[in-house]
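Structural characterization, general
The lines below spell out each chain.
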Amino acid sequence: MRYHFYNICVEKKSFYEIINGCKGLPLRNIVEEEQGVLFDVDAKDLKILSNFLEAEQIKPLQFVEKGVKTKVGFSLLKVVCCSVLVMSLGLFLCSGYIWNISVEGNYSYSEEQLKSFLKQNDLMEGVKKSTVDCGKIENLIRGQYSDISWVSCEIKGTNLMIHMKENYIAEISAKETKPYHLIANVSGTITSIITRSGRAAVKAGDQVKKGDLLISGKIEVQNEFDEAVWEGYCMADGDIQAKVVHHYKDSVEKKQVQIPYESSRNYTFPFPVSMILQFGKEKNHYVEHRSEPIALFEHYYLPLQMHHYTVFREEPKIRELTSREAEKILRHKMLYYFVQLEQKGYKILKKDVKMVTVKSKYCLQGKYVCIEPVGKVEYIDLKKEEKESSTNERNR
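Now for a look at the structure at hand. (Residues numbered from 1 in each chain as written. Predicted model: local features only at pLDDT ≥ 70, side-chain atom pairs only at ≥ 80, totals over all residues. Heavy atoms only, no water.)

Further remarks concern the nonpolar core. Note on soluble globular proteins: their nonpolar side chains tend to be buried together. Core analysis: the biggest nonpolar cluster contains 19 residues, and Leu118, Ile137, Ile141, Ile162 and Met164 have the highest contact counts within it. Elements represented by at least two residues in this core include exactly β5 (100-104), α5 (111-120), α6 (134-144), β6 (150-156) and β7 (159-165). Residue contacts for Ile137: discarding those within four places in its chain leaves Leu118, Leu123, Val132, Cys153 and Leu160. One finds Leu182, Val208, Ile240 and Ala242 within the second-largest nonpolar core, a separate group that totals 16 residues. (Core = buried A, V, L, I, M, F, W, Y, C linked by side-chain atoms within 4.5 Å. Buried < 20%, exposed > 50% of the residue type's maximum accessible area, 1.4 Å probe, protein only. Helix = DSSP H or I, 4+ residues; strand = E, 2+ residues; numbered from the N terminus. Contact = heavy atoms within 4.5 Å.)

Taken in spatial order, the 4 strands line up as β10-β12-β8-β23 in an open sheet, and their pairing is antiparallel. Looking at which strands have only one partner, the edges of the open sheet turn out to be β10 (199-200) and β23 (376-379). Sheet topology places strand β8 (residues 180-183) next to strand β12 (residues 213-216); 2 bridges connect them, and they run antiparallel. Across the sheet, the residue bridging to Ile183 is Leu213, located in β12. (Pairing = 2+ DSSP bridges.)

Bringing the state of the cysteines into the picture now. Within the structure shown, the criterion is met by 0 disulfides. Its sulfur unpaired, Cys134 is 5.5 Å from the next cysteine sulfur, which belongs to Cys153. (Disulfide = S-S within 2.5 Å.)

Let us look at the sheet that holds strand β11 (residues 207-208). Across the sheet, 5 strands lie side by side as β11-β9-β15-β22-β21; this open sheet has antiparallel pairing. The open sheet has two edge strands with one neighbour each: β11 and β21 (347-358). Note: strand β9 (residues 188-197) against β11, 2 bridges, orientation antiparallel. From the neighbouring strand, Gly188 faces β11, where its bridge partner is Val208.

The next point concerns the pairing of β8. The side-chain alternation of β8 yields two buried faces, one formed by Tyr180 and Leu182 and the other by His181 and Ile183. Bridging between β8 and β23 involves 4 bridges; their strand directions are antiparallel. Directly across from Leu182, in β23, lies its bridge partner Val377.

Closest axis-to-axis distance for the helix α1 (residues 12-21)/helix α2 (residues 46-55) pair is 11 Å, and the angle between their directions is 120°. Accordingly, the angle class assigned to the pair α1 and α2 is oblique. As α1 packs across α2, the resulting crossing turns out to be right-handed. Contacts from Glu17, Ile18 and Gly21 in α1 reach Leu49, Phe52 and Leu53 in α2. Its residues placed into classes, the contact of α1 with α2 shows 4 nonpolar, 1 polar and 1 charged. (Axes fitted to C-alpha atoms, helices over the stretch in contact; angles between N-to-C directions. Parallel < 35°, antiparallel > 145°, perpendicular 65-115°, else oblique. Left-handed = near helix turned anticlockwise from the far one by under 90°. Nonpolar A, V, L, I, M, F, W, Y, C, P; charged D, E, K, R; others polar.)

With phi around 50°, Asn29 is a residue other than glycine that occupies positive phi space. Look at Asn29 and you get exposed, because its relative accessible area is 51%. Positive phi, close to 60°, is recorded for Asp122, a residue that is not glycine. Residue placement: Asp122 occurs in the loop between α5 and α6. Given a relative accessible area of 61%, Asp122 falls into the exposed group.

Put into structure tokens, the structure is as follows:
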């Protein structure tokens, strides 16, 4: 349907005068009737037609305004246009902030743990993108979690993406642009080492401690007198395996809360309603809540969340676990833990764990031995290296 036009009826004689006098004027939907001729003219061409009718003293038999404008109303169109403008402005302003933090490649640490750590360092949803220093975030995570081999941060849209590897893989060297060494992220015995780039600093059978150099990213070319004639730097790369002894400990409370899931109901709201559900007309004994950010496009999140609630109508019951029940739970969790390790490339050689009771908890603790990929990225400080090289040359 056209936006804005007029339906006009004139006598047949007058219609022919209009055709002859207003050549080139687009007339649509021409219909000849007993009383005269009906036709449509666009609102933008009405002024030309009105001037001609007035000059020729032609009086229309019918003059009706039609189109979308007449149905919707100009005031409503203004409201819609203003709303679109305000929304566009709001989206533009929101694009300058971080509204979601996503973590990829984490096994040992949950996304909640990492987000909690970042929050302690004043990094959370709602901060300005201009204040986010990706390099600083990478250093913070490396400093806090020493067993994480590689971290890389990037901002896409309103999403802060944190990529990490808990053990070194060759894929890292393809993503990096800065030269680095590979150092030991755990203490153990080297079982195998294959160097793809850089200079191996250890061999199979060597005992290494956490932080020891494994593959150097500093390359030297020596002459026949074993004198360095050229120095360069690269991304150290290789496959290193080590035999490592780890401690394992997990626990479960003796008294457990049993939630009656069979009497639950699920609700979803675009705003938080915990208080309403807790103190509504019907007494709700227990409410579980989780939220997830709303994304307009991929990586473009909004400062809005969908809130999911599970409401339980029955009072949760407390019962005490038996030793056998606790052991079953803990061994199931341990099995899941070892499956995660195997997905990371670990080979479990030996497990020596046992059940103990500590106050109000059942504990499963002990040691396990495995062969695992080792190696952690340590970036080379080129300025420091150049300074040391200059000092060594002067001493010679």
